[in-house]
Amino acid sequence: MNELKKELDELISKIFDIPGLKIITLTVEDSDFICEIENKNFKDASSYASFAAKLVRGISVGGGMTVVDLYNNKKIIYGFALGENTWVSIPAEKMKRIHNTDHETGEPLPEETDVDFCDFY
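Model, not experiment: these values are computed from the prediction.

**Quick word on the side chain of Asn100**
Mapping Asn100 onto the fold places it in the loop between helix H3 (92-99) and strand S7 (115-117). With residues near it in sequence (within four places) discarded, Asn100 still touches Glu107, Pro108, Leu109, Pro110, Glu111 and Phe117.

In structure tokens:
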């Protein structure tokens, strides 16, 4: 369990280090959890507890997460795959393809302006 806590703490710390307002969507077991983080603080303690619990579940059983950073009038999108007691960054180019593809039809979607996709380390 210490390794899982270490993975969780590392990921949350790195997310907090991203400047600007962050909108996080965490999907685990067909359920989405969406929260905002700004200035290294969640809006309230219950949001943090809910996020941490959902993240632990995702790291344990598998899931996905996106972090959208709204900074300097730009949107920067990071993607994550969760599971096997760890997390991995989805490469920027793959995340761009995922974001710009209709999930139902597989057809390309129009690209948004002022959006970057980044690897997360």
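On we go.
**Points about unusual backbone geometry**
Although it is not a glycine, Asp30 adopts a positive phi angle of roughly 60°. Within the fold, Asp30 resides in the loop between strand S1 (21-28) and strand S2 (31-38). The class of Asp30 is exposed, set by a relative accessible area of 82%. Even without a glycine there, the phi angle at Asn72 is positive, about 55°. Checked against the element boundaries, Asn72 lands in the loop between strand S4 (63-71) and strand S5 (74-83). A relative accessible area of 62% places Asn72 in the exposed class.

**With respect to helix H1 (residues 2-17)**
Between its terminal C-alpha atoms H1 stretches 22 Å, which fits the 22 Å expected from 16 residues at 1.5 Å a residue. Taken as a whole, H1 has its buried residues at Leu4, Glu7, Leu8, Leu11, Ile12, Ile15 and Phe16. Angular distribution of buried residues about the axis of H1 spans 160°; they occupy a single face of the element. Along H1, the residues that are exposed and aim more than 90 degrees away from the buried face are Asn2, Glu3, Lys6 and Asp17.

**Looking at the nonpolar core**
One finds Leu11, Phe51, Leu55, Met65, Phe80 and Leu82 to be the most contacted residues of the largest nonpolar core, which totals 24 residues. Elements that contribute at least two residues to this core include exactly H1, S1, S2, helix H2 (45-61), S4 and S5. Among the elements that make up this core, the one with the highest residue count is H1 (six residues). Listed in part, the seven residues of the second largest apolar core include Ile77, Ile90, Met95 and Phe117.

Rules of the game
Residues numbered from 1 in each chain as written. Predicted model: local features only at pLDDT ≥ 70, side-chain atom pairs only at ≥ 80, totals over all residues. Heavy atoms only, no water. Helix = DSSP H or I, 4+ residues; strand = E, 2+ residues; numbered from the N terminus. Contact = heavy atoms within 4.5 Å. Buried < 20%, exposed > 50% of the residue type's maximum accessible area, 1.4 Å probe, protein only. Expected span 1.5 Å × (residues − 1). Arc of directions from axis to C-beta. Core = buried A, V, L, I, M, F, W, Y, C linked by side-chain atoms within 4.5 Å.

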